[in-house]
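# Notes for the structure review
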Amino acid sequence: SDRQVRRIVKRVRKQGERGVIHELRGKVVKGNRRRDDRTKIVELYRKNYWDFGPTLASEKLLEREGIKVSDETLRLWLIAEGLWQHKRQRAPKERSRRERKDHFGQMVQMDGSHHDWLEGRGSKLVLMGFIDDATNEFYGRFYDYEGTMPAMGGLKGYIKRYGVPVSIYLDKHSTYRNNKKYTYTDWPFRDEKELTQFGRACQQLGIELIFAHSPQAKGRVERVFRTLQDRLTKELRLCQAKNLEEANQFLNAYLAVFNKKFKVQAAKSADVHRSVDKRLNIDDILSVQSQRFLRNDRTIMYDKQWYQVTDKTRAKWVTVFEYLNGDIVVRYGAQRLSCHRIDEKPAKPIRKVKYRFRPTISKNSRWRLFRLPGSRTFKN
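As the structure is a computational prediction, the values presented were derived from the model and not from experiment. (Residues numbered from 1 in each chain as written. Predicted model: local features only at pLDDT ≥ 70, side-chain atom pairs only at ≥ 80, totals over all residues. Heavy atoms only, no water.)

The 3 strands are arranged E7-E8-E12 in an open sheet whose pairing can be described as antiparallel. In the strand order of this sheet, the two ends are held by strand E7 (299-302) and strand E12 (339-342), each with one partner. Mean inter-strand twist for the sheet, computed between neighbouring axes without regard to direction, equals 35°. As paired strands, E7 and strand E8 (residues 305-309) are joined by 4 bridges and run antiparallel to one another. Directly across from Ile300, in E8, lies its bridge partner Tyr307. (Pairing = 2+ DSSP bridges. Helix = DSSP H or I, 4+ residues; strand = E, 2+ residues; numbered from the N terminus. Axes fitted to C-alpha atoms, helices over the stretch in contact; angles between N-to-C directions.)

Structure, rendered in structure tokens:
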């Protein structure tokens, strides 16, 4: 620039030919962005955050240690120290892209994540997760296994927080879809629309179930599980959660922070979640319902356990409701029948057979016992 040229000319007039040489040449100069705490940061990472990614580690250093460092700077330091390995991205497969839904609540992707969330401090848990397709709003809860009760319990918690979604996008797990293979011998009795307990509950709530043919089809929930398996596992380690209750208690507070960071704006602002119809009882809908035969002594068997119905009824078939809290209720139509659990089935009463006197019949009078078809029987 003109200004730099004038500056060099001024130095040449004072210093001679040496004025052309840059004044910093040959000197050790500290850069304006150089960090003196690099060794300290690397040691903190090695001690407390040894398996954290650079992005999460930079967040935790700022949150817990008060040290602000860029995630990219930390990544280069860790690679130089051999604590982090650069991952080469594979060539993506060609797949047709599906655009996000326009409205919040139009479609929710649901799945269960099996992972050692507590890292050996407790039993292995399953995270039942729900993520909105339009906004990435996530809701989840830990359970001991993936099945009908956890699926219904997670859906109940989601409905209480947001409302009833229009549709749910999930895989073909036997909890959600009837995967029974029929043979030709089942032809007269085959019901191709036979629903699982979860499918029946969603049908009563007016929720459409959409089944994915591949994990990539519901990639949004798969990716959020991969993020949570990295971040949430380490957060649970930092708070020293050791059981199911402590993990759920921390998760309830963590979801607000997680959604604030990863939530996106929907294409359209309308919320299409619906409230539950007041005529419906959500506890009855989100329960396992099964038909049982009521025996003459008014006993039924459910889940290898006998129950005694105390109310008098003329019903032959009753419906057993198993609620999420473990309560068992027996109903005949809309009538609730009182019942209690018994250890074993009551023994049948022994009927006393009255002795009837039968006179002996002589050989000469045996003809009296002979009777033609349609004729009357004569008794002595």
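Right, let's get into the environment of Arg97. Along the chain, Arg97 falls in the loop between helix H4 (71-81) and strand E1 (108-115). Classification of Arg97 by relative accessible area gives exposed; the value is 71%. Along the backbone, Arg97 and Ala217 are 120 residues apart, and their C-alpha atoms lie at a distance of 9.3 Å. (Buried < 20%, exposed > 50% of the residue type's maximum accessible area, 1.4 Å probe, protein only.)

Let's shift gears to helix H5 (residues 148-161). Its 14 residues place the ends of H5 20 Å apart at the C-alpha level, agreeing with the 20 Å of an ideal helix rising 1.5 Å per residue. Counting buried residues along H5, 11 of its 14 residues qualify, which places the element largely inside the surrounding structure. Of all the residues in H5, the buried ones are Met149, Pro150, Ala151, Met152, Gly153, Gly154, Leu155, Lys156, Gly157, Tyr158 and Ile159. Positive backbone phi, approximately 120°, marks Gly163, located one or two places after H5. (Expected span 1.5 Å × (residues − 1).)

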